[in-house]
Amino acid sequence: MASLKDTGGVHASSNRKIVLVGFMGAGKSTAASRVSELTGTEVADADALLEAELGEPIASFFERHGEQAFRMREEALVVRLLDRPGPRVIALGGGAVESERVRNLLREHLCVYLEIDAERAWGRSAGSDRPLARERESFRRLHSRRVPLYEEVADAVLPALEGRGLDHALAASVALANAHVPPSVRMVWAPTSDGGYPVYVGEGALGAMGTLWPGGPRAFAVSDERVWGMHGQALEDGLAGAVGAVEAITVTPGEQQKNVGEAERILRELARAGMERSDTLVAFGGGVIGDLAGFCAAVYQRGVSCVQVPTTVVGQVDSAYGGKTGVDLPEAKNYVGAFHQPAAVFTDPSLLTTLPHAELRAGFAEVVKTALIAGGVLWERLQRLPPLTEVVATDVERLRAIIESCLRTKLAVVAVDELDQGLRAALNLGHTFAHALEAATGYAAYRHGEAVGVGLLAALEVSERELGLDPSVREQVTELLARHGLPRRFKGPSTEELLSALGRDKKRRQGRQNLVLLRAPGDVVTECEVSVSVLREVIEGCRESPAAAMPG
Ligand SMILES: NC(=O)c1ccc[n+]([C@@H]2O[C@H](COP(=O)([O-])OP(=O)(O)OC[C@H]3O[C@@H](n4cnc5c(N)ncnc54)[C@H](O)[C@@H]3O)[C@@H](O)[C@H]2O)c1
């Protein structure tokens, strides 16, 4: 049978089944019942059906006949469930995805992957009659082996959720199953205290906006002139059918426009255009537009719904998610703002093909930052990544995978500290220095990402001194930045000017400089108090020597 995913077709059929996959203890049966209620359709629990067919509990069949015999019976039953008419909602046993035949068939249907980490899964499964949950270490190995298989088949990824968040995420999964969406687009659920929002990521996400539109009857797009000139029509086409005309308000490109005056101009244009609270603002551009337009959405009539459509690497890997919006003051960056979570994010990596190389490179610095925070697979994957300029041109799928890993890292951090009371500060790794450099150079000398690259090296050097970080990490980051043609040193402001700009950092408490540092990739330490003398030395060390011809 030909697969829609393989042929690049568009998923549409309402016969498409909704299949819940995930490791033991992820809550597949509960979620399947909930989806069945939402859709008013029948549900099949593969494990329960299998037990009925075997005529005995899975545990005893396993005991008497072994795993291989069990897997054969399981595969036969799951193939029947997937391949024939019957219940529309299916909860699969945790191991069913080990069968290649099952994985191939799953491509025809909408797979909702319920994430659960090994620790939590063990807590829920140990002591039960599950035959593969008897010994902790082998349980953990099984988890590591299966996670890539769930990832491979997933069309929607739901982190561990409960209550309202789970309901919203499952409702969005049902909508995705019924929508005309290219198979390259998958949904990642972003959990928030309010329930959360969907992030649609993949080539074709822009074109799918109308089908998946979460907003009101009218859309007001805030964009920068360059982005609107290149992609405005595609946005309007994507929204066709879902909203009436799209009203566009454009801004001159650049960080200098991220200010209170420009926010006022946009707010007044929205008022003159008659925007109401039931309408939706679309932030269509890079991080500057995301922050500026998101801020306008947060304060216009005390808050209207905002859909983020990021068009730069910085936007797609980082700034579009998490609800931090705001503008700069001449005195300091991001000093005026509000938390305002998006209603949805549409992240289409193909938009990056028009991004100037210098912007692609600058965005890579945020990728490095995220990989340092995540550690593990993302950090390792980055070491082998060719320059983004190459990846964008040749391998959109690889680009999507990197973007998705980064945004999921960010969402996981935001989920535990939405309002930036503690852990979320980890996302600021390298940013204290970067923001000071941007402010001290009038937001004109360095792209945000370029400043972040130098800021990361400064933070890593302080981390070596204060936390004993292995110097090889700074060497690796230096090499990665060099490979992407990014500066490794700064020039311009004096050390005293930078120290004074650092003094206005929002993370500063009772006059003390708090930095985010790294003990090792994946091990970030927030609120590290660092003396001015160390900062002064590190700043001096990061300064480009007057004789150097090239940055770095
Ligand atoms: N809110 C957050 O959590 C968060 C996180 C990180 C960064 N940020 C903010 O993001 C901002 C930096 O964002 P940025 O680097 O995206 O800069 P940007 O928005 O200024 O975009 C960079 C340039 O790329 C152009 N551009 C954008 N998309 C394009 C496309 N698809 N094709 C061609 N040109 C395109 C723009 O016109 C602009 O000239 C900073 O203000 C930073 O503070 C916010």
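Residues numbered from 1 in each chain as written. Predicted model: local features only at pLDDT ≥ 70, side-chain atom pairs only at ≥ 80, totals over all residues. Heavy atoms only, no water.

*Asks:* What is the right way to read the overall build of the chain from this model?
*Replies:* A tally of regular secondary structure across the chain gives 22 helices and 16 strands. Its C-alpha atoms give the chain principal-axis dimensions of roughly 80 × 55 × 45 Å. Of all 552 residues assigned to the chain, the portion counted as buried reaches 55%. Of the contacts made within the chain by residues no fewer than 6 positions apart, 74% connect residues no fewer than 24 positions apart. Accessible surface, the chain: about 22100 Å² in total, of which carbon and sulfur atoms supply 50%. Charge centroids of the chain, computed over 60 positive and 72 negative side chains, lie 1 Å from each other. (Helix = DSSP H or I, 4+ residues; strand = E, 2+ residues; numbered from the N terminus. Buried < 20%, exposed > 50% of the residue type's maximum accessible area, 1.4 Å probe, protein only. Contact = heavy atoms within 4.5 Å. Areas by Shrake-Rupley, 256 points an atom, 1.4 Å probe, with all protein chains shown as cover. Lys, Arg positive; Asp, Glu negative; His and termini not counted. Charge placed at Lys NZ, Arg CZ, Asp CG, Glu CD.)

*Asks:* So what exactly am I meant to see when it comes to the sheet that holds strand β3 (residues 89–91) here?
*Replies:* Across a sheet, paired strands are connected by hydrogen bonds in the backbone, their directions being either parallel or antiparallel. Strand order in this open sheet of twelve strands is β2-β3-β1-β4-β5-β6-β7-β14-β11-β10-β8-β9, and the pairing throughout is mixed. The outermost strands of the open sheet, each flanked by one partner alone, are β2 (43–45) and β9 (246–251). The average angle at which neighbouring strand axes cross in this sheet is 20°, direction not considered. Summarising the sheet, strand β5 (residues 156–158) and strand β6 (residues 186–190) pair through two bridges and their orientation is parallel. Bridge pairing in β6 links Ala156 to Met187. Helix α2 (residues 28–39) contacts β1 (18–21), β2, β3 and β4 (110–114) of the sheet and is inclined by roughly 175° relative to β3. On top of the sheet, helix α12 (residues 287–299) reaches β8 (219–224), β9, β10 (280–285) and β11 (305–310); it is set at about 165° to β10, its chief contact. (Pairing = 2+ DSSP bridges. Axes fitted to C-alpha atoms, helices over the stretch in contact; angles between N-to-C directions.)

*Asks:* Explain the nonpolar core here, please?
*Replies:* In a soluble, globular protein the nonpolar side chains are often hidden away together inside. Judged by nonpolar contacts, the single largest core of 160 residues is most densely connected at Leu92, Leu158, Met209, Leu235, Val309 and Leu372. Grouped together as the second largest cluster of nonpolar side chains are 20 residues, Val222, Leu270, Tyr300 and Val327 included. (Core = buried A, V, L, I, M, F, W, Y, C linked by side-chain atoms within 4.5 Å.)

*Asks:* Just to check I follow, could you spell out the packing of helix α19 (residues 448–467) against helix α22 (residues 532–542) for this structure?
*Replies:* Helix-helix packing is described using two parameters, namely the angle between the two axes and the distance between the axes. Running from N to C, α19 and α22 point in directions that differ by 135°, and their axes come no closer than 10 Å. Considering their axes alone, α19 and α22 lie oblique with respect to each other. Regarding α19 and α22, the two cross each other, and that crossing is right-handed. Note on element contacts: α22 touches α19 through Val534, Glu537, Val538 and Cys542, opposite Val454, Ala458, Glu461, Val462, Arg465 and Glu466. Looking at the contact of α19 with α22, its residues break down into six nonpolar, no polar and four charged. (Parallel < 35°, antiparallel > 145°, perpendicular 65-115°, else oblique. Left-handed = near helix turned anticlockwise from the far one by under 90°. Nonpolar A, V, L, I, M, F, W, Y, C, P; charged D, E, K, R; others polar.)

*Asks:* Hey, could you run me through the side chain of Asp417 in this one?
*Replies:* Among the secondary structure elements, Asp417 is positioned in the loop between α17 (396–416) and α18 (431–440). For Asp417, which is buried and forms no salt bridge, the nearest opposite charge comes from Arg424, at a distance of 6.5 Å. Not counting chain neighbours up to four residues away, the residues in contact with Asp417 comprise Gly422, Leu423, Arg424 and Ala425. (Salt bridge = Lys/Arg side-chain N within 4 Å of Asp/Glu carboxyl O.)

*Asks:* Would you mind showing me how to read the site of the ligand here?
*Replies:* Close to the ligand lie 28 residues, the nearest being Asp224, Arg226, Glu255, Thr312 and Thr354. At 2.7 Å from an oxygen atom of the ligand is found a side-chain nitrogen or oxygen belonging to Asp224. Val288 is positioned with one of its backbone polar atoms (N or O) 3.0 Å from an oxygen atom of the ligand. Within the residue set of the shell around the ligand, elements represented by two or more residues are α10 (225–239), α12, α13 (313–319) and α14 (357–374). In terms of residue count, α10 provides more of the shell around the ligand than any other element does, four residues in total. (Near = heavy atom within 4 Å. Polar contact = N/O pair within 3.5 Å; in protein donor to acceptor, adjacent residues only side chain to side chain.)

*Asks:* What's the story with the pattern of salt bridges in this structure? I'm lost.
*Replies:* Opposite charge on two side chains permits pairing when their charged atoms draw close. Tallying each qualifying case throughout the model produces 46 salt bridges. When the shortest N-O distance is used, the salt bridge between Glu404 and Arg408 registers 2.7 Å. Residue Glu404 and its partner Arg408 are both found in helix α17; the two are separated by four residues, about one turn of the helix. Just as Glu404 is buried, Arg408 falls in that class too. Of the charged contacts in the structure, one is a salt bridge between Arg519 and Asp523, with a shortest N-O distance of 3.5 Å. The exposure class of Arg519 is partly exposed, given its relative accessible area of 43%. A residue is classified by how much of its surface remains accessible, and Asp523, at 29% relative accessible area, is partly exposed. In the salt-bridge network here, residues are joined through shared partners; they are Glu115, Glu151, Arg186, Glu397, Arg400, Glu404 and Arg408.

*Asks:* Is there a simple way to think about α14 in this case?
*Replies:* Residues three or four positions apart in an α-helix share a direction because the helix packs 3.6 residues into each turn. The end-to-end C-alpha separation of α14 is 26 Å, in line with the 26 Å expected for 18 residues at 1.5 Å each. Burial analysis of α14 places 13 of its 18 residues in the buried class, the great majority of the element. One or two residues past the end of α14 sits Gly375, with phi positive at roughly 65°. (Expected span 1.5 Å × (residues − 1).)

*Asks:* Hey, could you run me through α10 in this one?
*Replies:* The sharpest bend along α10 reaches about 65° and sits at His231. Every buried residue of α10 is listed here: Val227, Trp228, His231, Gly232, Leu235, Gly238 and Leu239. The inward-facing, buried residues of α10 abut α9 (209–212), β8, β9, β10 and β11. A side-chain oxygen of the first residue of α10 lies 3.0 Å from the backbone nitrogen of Arg226; this N-cap is Asp224. A positive phi of about 95° marks Gly241, the residue just after α10. (Bend = angle between axes of the 7 residues up to and from the residue.)

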